[in-house]
Amino acid sequence: MSPQPGPVVNLLLIALLGLVGYLVGSLTKPTERGRQSISVQKSIVSATSGAGDFGADTRRFAAAATLGLAELEALFLAYGAGSRDLALLAAEVMEKWAVADALAALRDGVPRCAARVPEVLPRSFAAIAKQKQVPAAVVFKSFPIPPLRGECAAAAAFAWGAGENEEVLAMARELSRQDRTRFVREWHRGAPETSSPVLVDVDDRAAASLGRLLALASKDPASALRSGRAHDEFAEIAAAAFTAWVPRDSPAAWKAAEAFTSHARLASMTAALVRAESRRRALSDVLPEVQTLISRLHPEGPPEEVLVALFPILASERTQQALKYLNSLPRGTPVRGAASVILFDILSATDPAAAWRFSEGLVEEDGAKDHRALNPWLGPEAQRAAGAAKRWEAGFPCAADVASLLGNWMRHDPAEALAEFVRPGVSEAFQSAAIEAAVSPYGGAFSAEMLAKWMSTLPPSTQVNLEPVVTKLIGGTRGKTPQGPGSEKR
Amino acid sequence: MQQKDPTALPLRILCALLGLTFGFAGGRIYGPENLLIDEVKTKRGTVRSLPETAGQVESVSQRIQSVLRMDRDALAGLLADVQKEYERDAGMTGTEDRADLHLRTIYGRWADLDALGALKAALAIKNHALSRKAVLALFGEWAKRDPSGAVQSLATLPYVSTQGEASRVIVRAGAPRDPVAMLALIPKISGNPRSLLMAALGAEWMRLNASHALRRLLAEPVMNPVLVAGQAMAEWLAEDPRGVLSWRRGNQAVAEASPPLVLRPEVLNPARLTSMAAAMAEYLGSPEAGLEWLQKSMAPVGREAIAALAAPADYAKIYLKEWQSGAEKRPPLSSLSGWLERQRHMDVMGSISSRFAAEDPAAALAWSVALPGDEGAAAGKAVAVVWLSDAPVSAPEKLYSVDLSSPAGRAAAGVAVSRLIRSDPAKALEMLPRLKLDPALSQSIQTRALAQLSGADPSRLLEWMAAHPEIKPPGEAVTAALKAMASENPGRALEHVRSHSAPEELPKESAAILSVWLTWDRAGAIVFLSTLPDGPQRDACTAVLTAADVAMTDPYFAANVLPESFEAALRMSDKAERQAALRNVFDRIKQMKVSDRSVLALPGLTAEDRAALN
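Please read all numbers here as calculations on a predicted model, not as lab measurements.

1. Comments concerning the overall build of chain A
For chain A, the helix and strand inventory stands at 25 helices and zero strands. Relative to the 2.2 N^0.38 estimate, which gives 23 Å for 490 residues, the radius of gyration of chain A is 32 Å and therefore markedly larger than a compact globule would have. Overall, the C-alpha framework of chain A stretches about 105 × 70 × 60 Å when taken along its three principal axes. Split into buried and exposed, the 490 residues of chain A put 51% on the buried side. Here the contacts in chain A between residues at least 6 apart in sequence split such that 67% fall between residues at least 24 apart.

So, in structure tokens, the structure goes:
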């Protein structure tokens, strides 16, 4: 056998030993976690020079076994106070810090977070309360001032309940009535099996019972709905039950509601079902199915409670779908009337232009009367107390509805609102109302100069038409017109 | 013999070393990582089952560490696990935040690789709430890298609100890098009015250089730059009150000339309010001084925020004094601006009352009772709502004994009894006469209570009706109660109808009972029908029977019940109704291919009826 030529052997050697080297290299390669735990401190310090690197910090925090004051301080330097980025990252730091050293997290972390990123406090208190080495009394003293106090106490209460820490229930007496009710409820939501003898107050007992029902609602929604039928807070119980049930088995949840047909709680159940469904899927995408489900429960038409739940969802997804649902309700019925009022109010707050078009459509319907020049209400309180059905009966939309719409529109998008009302064909009464809303401090808060500036951008014929209206309201704009462009470019 | 090359051995050793060195380096750089097994699995497209134990719960967090090494498939796998974790932990503390954190990290990487593909994946997420979060996370990350690209894709978002939110996210995420460029981009952004986007940009810009941002915003050719700048500064104040107050301290001249703050309710939450209160006390000396400053610096819109910050009892006095002192200058309620002002006033009153009731409900009620007219009603209602929710057992008794001569007292008692209607309508009915409410309100509460009782406890409604013959409940409530009763004890329901119903109501109510009875005890219902004398009651019940039988789709049952139904219809005394019922049943007999010989041979069938059948 002839010997192998030198270069071939050399190449084989390179290849074989290269492979061996590769394997050894891979096996001894440091892991991502190891690398990041080494670099965690370094990178945060580098971040102090300006804006933080959110992705890098998230990855580093996920890799780090413990986090603490140094990381928190570095975050405060790198991110703007109160920003969402800071809140998300600071919450992670506080949670890991609480696990490692809850007392230090409470002593050093909580006051710093309260000053820079208070949003994380409820979650931080929940993490600290889970750690048994911190005395509950110390945690209690660290709760922030109201209105955040109640939220923090409730978050901690759930953790204490889960740990069956009964001593805190006695401490809850220090809280205001509202915070105390919430605290007791959350404690029992965490410890649904426990019945504490500490609770002697009747309202505390009621809060405890609601807490247990809410805990049951997420475990066994059907039982919670049955048991909670007579409860004052049934709507809350239904919301908790369907939030848990709908993602697991939506058809069963709707079927369960059918058992409540003719029961007065049915409307609350349907509203809770609609809200739970809207988290799972876009209702405007499945409108026919939603219509069928609702009409099966309410063959005579959806009650106001259901419409109040459904319309904001549809309108926030696709305004057209909300109108489509309204048009599916039988014309001339009280249900359709109440639904029109509810939809108008929602659009008025979220999409005033759509609300205006909707109101135009209502007065143009066959046999409809235009009530927009009349106000049948003695004041806003009376109008609000009347409810949707009575508002429809009293004549809808009325001048009060137009006033609310214009006020919202002027705050929301004055350029669009004013452009709509200076169109040819709009009555002088509406033009006058629009300009009044523009100058009202509770509407657009325009100064006379701003109004003059806007007027100067209009065609001369429109200016001539509007001049009497403006003169009546603010004494005219001639002589006040400033130079330069004034119209909002959209 | 071949001569040995003296360089051969060193060359071989060199080659060996070269191979080892490069191989090792390659392994360290490109080699797989033992801890990235999850990632490898995901790359193969396997979706792991939902983690159940605490140790496994960490997996998404663990895999987030290696997100920079992931390709699109691996990111899609991780996204699927984020969804599972999100759905599993729904409602738990921190779930929403954790999902946001993970999505931001995932989409930070995905935006680097393929932003359009990332958008497609975000929109394809089955869980609608998570999909919305994912879209917003993506647009935030995308705008940091390529704001123009993100803006161009806004129009592809299918939902109005997501488009609006995403446009704000883009503006805020793009602002820190180059606020001036972002300002120039705003006119191209759809989904939100320009003024709102400018306010969002301004809030972010002010963190970097407040004086410059303010100057630029006030010089912008928008319709109301003062409102825009006021909104921007108020948003900054809500997010970073210390930043605002510290800037004001260092730039007093600019700050004094800055526009009034316009706090929109949607930028406030308890955390921000608490932070504002603490910062104002710290920077301005005391909470009172802070409030005074806020009161002076704020536009009339958004006063509810002050109500939420102040000690409610004190602020209630200050606010009402101010409101009353401005009465002469106020436009009349009949004018549009007067209406808007009054509306805002009611909102502020509601906010003060709710805060007051949360701290000391009894004092809040006493305060509201002293208020006149609409203010009193608004305050009383708000106090009652909060108190009943916080103290559901002790509050009602206190609210029933309130001074009913005041608007607040009447409103509060009305709220209490309305609430009672839902949980214990019978008790609400008992309570109502004691309250001496306004007759119209009392009547409406009674109607609602009766309707509620008919569903919740029909037998109790029937008992109540028997005990109060002078009160006539709404017809729908009685029908609903009778139907509910018929599903358990039709005999008792019929007994009630016989003894309490007006003769003209008897047919309708008996029919309502029979309609339910037929669904669970057809034989019993037929026997009852046979006992009825001829007349309207029997006709109404027979009509219910025929309608139910005609609706039957099962051929076996149809063959049994339709002839029976036909025979019953023959006994109807109203000729038109009889013929209509006979025809309906006969048509159905033919449709279901049931033999019609027996029914056509029935002795009661007249020639006129036969003619109607054809």
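What follows continues from the structure just given.
2. As for the overall build of chain B
When its secondary structure is counted, chain B shows 35 helices and zero strands. Computed over C-alpha atoms, the radius of gyration of chain B comes to 38 Å, more than 25% over the 25 Å expected from 2.2 N^0.38 for 614 residues, which places it beyond the range of a compact globule. Projected onto its principal axes, the C-alpha coordinates of chain B cover approximately 125 × 105 × 45 Å. Considering only contacts in chain B between residues 6 or more positions apart, those separated by 24 or more positions represent 66%.

3. Focus: the interface of chain A and chain B
Each side of the interface is counted separately: chain A has 106 residues, and chain B has 103 residues. Top element by residues in the side of chain A that touches chain B is helix α1 (residues 6-27) of chain A. It accounts for 17 residues. Broken down by class, the residue content of the side of chain A that touches chain B amounts to 51 nonpolar, 31 polar and 24 charged.

4. What to know about the environment of Ser142(A)
All names here are of chain A. In this fold, Ser 142 is placed in helix α7 (residues 136-142). The class of Ser 142 is partly exposed, set by 19 C-beta atoms lying within 10 Å. For Ser 142 and Val 426, which are 284 residues apart along the polypeptide, the C-alpha to C-alpha distance reads 60 Å. When sequence neighbours within four positions are dropped, the list of residues in contact with Ser 142 reads Leu 106 and Val 110.

5. Things to note about the packing of helix α27 (residues 475-486) of chain B against helix α29 (residues 506-520) of chain B
Relative orientation and spacing of two packed helices are given, respectively, by the angle between their axes and the distance between those axes. Residue and element names in this part refer to chain B. Viewed as axis vectors pointing N to C, α27 and α29 meet at an angle of 35 degrees, and their least axial separation amounts to 8 Å. Viewed along their axes, α27 and α29 form a crossing whose handedness is right-handed. Touching Val 478, Thr 479, Leu 482, Lys 483 and Ala 486 of α27 are Glu 509, Ala 512, Ile 513, Val 516 and Trp 517, all from α29. Looking at side-chain class alone, the contact of α27 with α29 contains seven nonpolar, one polar and two charged residues.

6. A word on the nonpolar core
Residues Ala90(A), Ala156(A), Leu406(A), Leu138(B) and Ala412(B) are the most contacted members of the largest nonpolar core, which totals 333 residues. With 16 residues, the single largest contributor to this core is helix α5 (residues 84-116) of chain A. Each residue touching Ala156(A), except ones within four places of it in the same chain, is listed here: Phe125(A), Ala126(A), Ala129(A) and Val139(A). Formed by seven residues, the second largest nonpolar core is a distinct cluster that contains Leu13(A), Tyr22(A), Cys15(B) and Leu20(B).

7. A few points about the packing of helix α20 (residues 361-369) of chain B against helix α21 (residues 373-390) of chain B
All names here are of chain B. Here α20 crosses α21 at 165 degrees, and the two axes come no closer than 9 Å. It follows from the interaxial angle that α20 and α21 lie roughly antiparallel. The hand of the α20/α21 crossing is left-handed. Contacts from Pro 361, Ala 364, Leu 365 and Ser 368 in α20 reach Gly 376, Ala 379, Gly 380, Val 383, Val 386, Trp 387 and Asp 390 in α21.

8. Focus: unusual backbone geometry
All names here are of chain A. Going from Pro 146 to Pro 147, the amide bond is cis rather than trans, its omega being 5 degrees. As for its position among the elements, Pro 147 is in the loop between α7 and α8 (148-162). Phi at Glu 164 takes a positive value of approximately 55 degrees, unusual for a residue other than glycine. Its place among the elements puts Glu 164 in the loop between α8 and α9 (167-171). Residue classification places Glu 164 among the exposed positions, given that 12 C-beta atoms sit within 10 Å. Even without being glycine, Ala 445 reaches a positive phi, approximately 55 degrees. Looking at the secondary structure, you find Ala 445 in the loop between α23 (428-439) and α24 (448-456).

Rules of the game
Residues numbered from 1 in each chain as written. Chains lettered and ligands numbered in written order. Predicted model: local features only at pLDDT ≥ 70, side-chain atom pairs only at ≥ 80, totals over all residues. Helix = DSSP H or I, 4+ residues; strand = E, 2+ residues; numbered from the N terminus. Rg over C-alpha atoms; globule rule 2.2 N^0.38 Å. Buried ≥ 20, exposed ≤ 12 C-beta atoms within 10 Å, placed from the backbone. Contact = placed C-beta atoms within 7 Å. Nonpolar A, V, L, I, M, F, W, Y, C, P; charged D, E, K, R; others polar. Axes fitted to C-alpha atoms, helices over the stretch in contact; angles between N-to-C directions. Left-handed = near helix turned anticlockwise from the far one by under 90°. Core = buried A, V, L, I, M, F, W, Y, C linked by C-beta atoms within 7 Å. Parallel < 35°, antiparallel > 145°, perpendicular 65-115°, else oblique.

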